[in-house]
Amino acid sequence: MAIRETQPHPLQRGGASVNRNSTIDKLKACDLPGVYFRHWQMHDQVRPLWTLMVSLWYPLVLFSILPVLWIFRRWHLWRLKSSQA
């Protein structure tokens, strides 16, 4: 999506949209694998608008690390205990 500064254009992503008559003065963008970020300041608004979208895989992996480590540790301790008996 190519956006030129100070040119009237529609900006639509998800549930947010910008009027065709609005002018975006400043735009910052970052597109990484699984991460989409936009921060823009429009001519007629005081506060900037921003969007951040993150792939569902990032939180799933992040929040599954500790439970997997806990299960592995319990399993490993159980094996050690059963081999000593």
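One can find the structure itself at the top, above this paragraph.
Residues numbered from 1 in each chain as written. Predicted model: local features only at pLDDT ≥ 70, side-chain atom pairs only at ≥ 80, totals over all residues. Heavy atoms only, no water.

(A) Structural detail: the sheet that holds strand 4 (residues 35–42). Read from one edge to the other, the open sheet built from three strands follows the order 3-4-5, with strand pairing classed as antiparallel. The outermost strands of the open sheet, each flanked by one partner alone, are strand 3 (24–32) and strand 5 (49–54). The mean angle between the axes of side-by-side strands here comes to 5°, regardless of whether they run parallel or antiparallel. As judged from the eight bridges shared by strand 3 and strand 4, these two strands associate in the antiparallel manner. Bridge pairing in strand 4 places Lys-26 opposite Gln-41. (Pairing = 2+ DSSP bridges. Helix = DSSP H or I, 4+ residues; strand = E, 2+ residues; numbered from the N terminus. Axes fitted to C-alpha atoms, helices over the stretch in contact; angles between N-to-C directions.)

(B) Quick look at helix 1 (residues 57–84). Its 28 residues place the ends of helix 1 40 Å apart at the C-alpha level, agreeing with the 40 Å of an ideal helix rising 1.5 Å per residue. The axis of helix 1 is deflected most strongly, by about 30°, at Ile-65, and proline Pro-67 appears within four residues downstream. (Expected span 1.5 Å × (residues − 1). Bend = angle between axes of the 7 residues up to and from the residue.)

(C) Quick peek at the side chain of Thr-51. Along the polypeptide, Thr-51 turns up in strand 5. Apart from residues lying up to four places away in sequence, Thr-51 is in contact with Tyr-36, Phe-37, Arg-38 and Trp-40. (Contact = heavy atoms within 4.5 Å.)

(D) Summary view of the environment of Ser-83. Take Ser-83: it is sitting in helix 1. Polar side-chain contacts of Ser-83 include one of 3.0 Å to the backbone oxygen of Leu-80. (Polar contact = N/O pair within 3.5 Å; in protein donor to acceptor, adjacent residues only side chain to side chain.)

(E) View of the pattern of salt bridges. Applying the stated criterion across every chain, the model contains one salt bridge. Its salt-bridge partner being Asp-31, residue Arg-38 comes within 3.2 Å of it at the nearest N-O pair. The exposure class assigned to Asp-31 is exposed, which follows from its relative accessible area of 51%. (Salt bridge = Lys/Arg side-chain N within 4 Å of Asp/Glu carboxyl O. Buried < 20%, exposed > 50% of the residue type's maximum accessible area, 1.4 Å probe, protein only.)

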